[in-house]
Amino acid sequence: MAEIKFTTNSSEKKSDGTGGKSHGKIALIIVVIAVLLLVALNSFSIVNEGYIGVRYRFGKIVQDNLTAGLNMHIPFIEEVEQVDIREHIYSVSTDAYTSDTQSVNSLQLKLNYYYDSSKLSDIIRNIGINNVEARLLVPNVQKIAKDAIGKVKAEQLVQSRADVTNEIQNSLTEILAKDGVIVTAFAIENLNFDDAFEASIQAKVIAEQDALKMENKTKEKEEEAKQVVIAAEAEAQSKRIAAEAEADAIKAIQEQLQRSPNYIDYFQIEKWNGQLPQVVSDGVNPFIALDGANANNNTNNGN
């Protein structure tokens, strides 16, 4: 009968044990590295340009002014959320009535705003960033705009839209600033009235323009008449001055003659044009010369 012997190879057992421990160490190292990478990745947050970072710790705001770039936080305990602090635009279409019960249809209102960084935590706690439009803008913009439009007549709204717009913007600025919303601009972009009212407004505007043209023409004619009067007065003044100057000159000559009778000879010499007289007389027999040359010749012949 054959004898069966069981033997155990100790070397093989030793080899298997060492191999198992090595695989365990490798797996442990891999797990540690993965945990470290996970921790490292969760220790940094990136805040983009145009945003501000808000740091939460177990859901509570601990910081609300993280700037753009890479920011550190405690992994698994803290988290960072971004809030867009750039300018936002809220627009709405609604209807309104003026004080003279004219209907303004499809009124287009547009509001430009951004969040006040110093009140960002209050906005998040009390309102919620995603609720700003529904809780603040929707009720306030329409109410204030309708109230302001309801105080003026339709014609005044057309002619003074800028004044009404400024009034609405000022009211919205004051009210929304309390909740951390800064208003930068407000606009009424569309005014639609009934066709009959728009036709009457257009006719009135045309009539006013025609009246203004006539008024300008009247002013132009008045100005022309004033210029004619001014020119006539200037001419009369010039003649008056010339006459007064001539009278003064004559008076001066007369006074000089009274003081010196020989002044008349000096005055005649000053006024002489250099030509000899055409008639020469010794007091008894006058001699008439045809010209200066003949006069000289006759005089020589007589001698």
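Being a predicted model, the structure only gives us computed values, none of them experimental. (Residues numbered from 1 in each chain as written. Predicted model: local features only at pLDDT ≥ 70, side-chain atom pairs only at ≥ 80, totals over all residues. Heavy atoms only, no water.)

Engineer: Could you clarify how one ought to interpret helix H2 (residues 120–127) in this entry?
Structural biologist: Owing to its 3.6 residues per turn, the α-helix brings residues three or four apart onto one side. Every buried residue of H2 is accounted for by Leu120, Ser121, Ile123, Ile124 and Ile127. Of the surrounding elements, those touching the buried residues of H2 are strand E2 (51–57), strand E3 (60–66), strand E5 (78–84), strand E7 (103–115) and helix H3 (132–149). Two residues or fewer after H2 comes Gly128, characterised by a positive phi angle close to 95°. (Buried < 20%, exposed > 50% of the residue type's maximum accessible area, 1.4 Å probe, protein only. Helix = DSSP H or I, 4+ residues; strand = E, 2+ residues; numbered from the N terminus. Contact = heavy atoms within 4.5 Å.)

Engineer: Explain a nonpolar patch on the surface here, please?
Structural biologist: Nonpolar side chains collect at one region of the surface, where Leu38, Phe58, Ile74, Phe76 and Ile77 lie side by side and expose about 530 Å² of accessible area between them. In this structure, Leu38 sits in helix H1 (residues 10–41). Overall, the relative accessible area of 45% leaves Leu38 in the partly exposed class. (Patch = residues over 30% accessible without salt bridge, like charges linked within 9 Å, V, L, I, M, F, W, Y side chains within 5 Å. Areas by Shrake-Rupley, 256 points an atom, 1.4 Å probe, with all protein chains shown as cover. Salt bridge = Lys/Arg side-chain N within 4 Å of Asp/Glu carboxyl O.)

Engineer: When you look at the environment of Lys110 in this model, what are you seeing that I'm missing?
Structural biologist: Relative to the assigned elements, Lys110 resides in strand E7. With 77 residues separating them in the primary sequence, Lys110 and Ala187 have C-alpha atoms 5.3 Å apart. Apart from residues lying up to four places away in sequence, Lys110 is in contact with Ile89, Tyr90, Ser91, Ala185, Phe186, Ala187 and Glu189. At a separation of 3.2 Å, a polar atom in the side chain of Lys110 contacts the side chain of Glu189. (Polar contact = N/O pair within 3.5 Å; in protein donor to acceptor, adjacent residues only side chain to side chain.)

Engineer: Looking at this structure, I do not really get the nonpolar core. What am I missing?
Structural biologist: Proteins that are soluble and globular tend to have nonpolar side chains buried together. Grouped together as the largest cluster of nonpolar side chains are 39 residues, with contacts concentrated most on Leu111, Val141, Ile168 and Leu172. The dominant element in this core, judged by the number of residues it contributes, is H3, at eight residues. (Core = buried A, V, L, I, M, F, W, Y, C linked by side-chain atoms within 4.5 Å.)

Engineer: I would appreciate a short explanation of helix H5 (residues 161–177) in the present structure.
Structural biologist: Taking 1.5 Å per residue, 17 residues should reach 24 Å; H5 reaches 24 Å between its end C-alpha atoms and fits that length. By the burial criterion, the buried members of H5 are Val164, Thr165, Ile168, Gln169, Leu172 and Leu176. One side of H5 holds all its buried residues, which, seen down the axis, span an arc of 135°. Opposite the buried face of H5, by more than 90 degrees, sit the exposed residues Asp163, Asn170 and Glu174. Buried residues along H5 sit against E7, H3, helix H4 (154–159) and strand E8 (181–192). (Expected span 1.5 Å × (residues − 1). Arc of directions from axis to C-beta.)

Engineer: Just to check I follow, could you spell out the sheet that holds E8 for this structure?
Structural biologist: Pairing between sheet strands relies on hydrogen bonds along the backbone, with the strands arranged either parallel or antiparallel. If you trace the three strands from one edge of the open sheet to the other, you get E6-E7-E8, paired in antiparallel fashion. The sheet is open, and its two borders are formed by strand E6 (88–97) and E8, each paired with just one other strand. Put simply, the sheet's adjacent strands are angled 20° from each other on average, direction ignored. (Pairing = 2+ DSSP bridges. Axes fitted to C-alpha atoms, helices over the stretch in contact; angles between N-to-C directions.)

Engineer: For this particular structure, what's the right way to read the pattern of salt bridges?
Structural biologist: Between side chains of opposite charge, pairing is possible as soon as their charged atoms come close. All told, the structure shown has eight salt bridges when counted by the stated rule. Glu189 serves as the salt-bridge partner of Lys110, at 3.2 Å between the closest nitrogen and oxygen. One end of the pair, Lys110, is in strand E7; the other, Glu189, is in strand E8, and 79 residues separate them in sequence. The class for Glu189 is partly exposed, based on a relative accessible area of 45%.

Engineer: Help me out: how do you make sense of the side chain of Asn71 in this one?
Structural biologist: Among the secondary structure elements, Asn71 is positioned in strand E4 (residues 69–72). By relative accessible area, which is 12% here, Asn71 ends up buried. Within the structure, the side chain of Asn71 is placed 3.2 Å from the backbone oxygen of Gly69, a separation counted as a polar contact. When residues no more than four places from it in sequence are discounted, the contact partners of Asn71 are Ser43, Phe44, Ser45, Val47 and Leu66.

Engineer: I keep staring at the pairing of E2 and nothing clicks. Help me out?
Structural biologist: Put simply, side chains in a regular strand alternate between the two faces of the sheet. Of all seven residues that make up E2, five are buried, and the element is covered over most of its length. Both E2 and E5 contribute to a ladder of seven bridges, which runs antiparallel. Bridged to Tyr56 within E5 is Glu79. Pairing of E2 with E3 involves four bridges; the strand directions are antiparallel. Paired with Tyr56 across the two strands is Ile61, which belongs to E3. Hairpin connection between E2 and E3: a loop of two residues separates the two successive antiparallel strands, and Phe58 in this loop has a positive phi of roughly 55°.

Engineer: Honestly, the pairing of E7 in this entry has me stumped. Any pointers?
Structural biologist: Where E6 lies against E7, nine bridges are found, and the strand directions are antiparallel. Its bridge partner lying in E7, Tyr90 is registered against Leu111. Where E6 folds back onto E7 in an antiparallel hairpin, the turn is made up of five residues, including Thr101, whose phi is positive at roughly 60°. For E7 and E8, the ladder comprises nine bridges, and the chain directions are antiparallel. Of the residues in E8, the one forming a bridge with Lys110 is Ala187.

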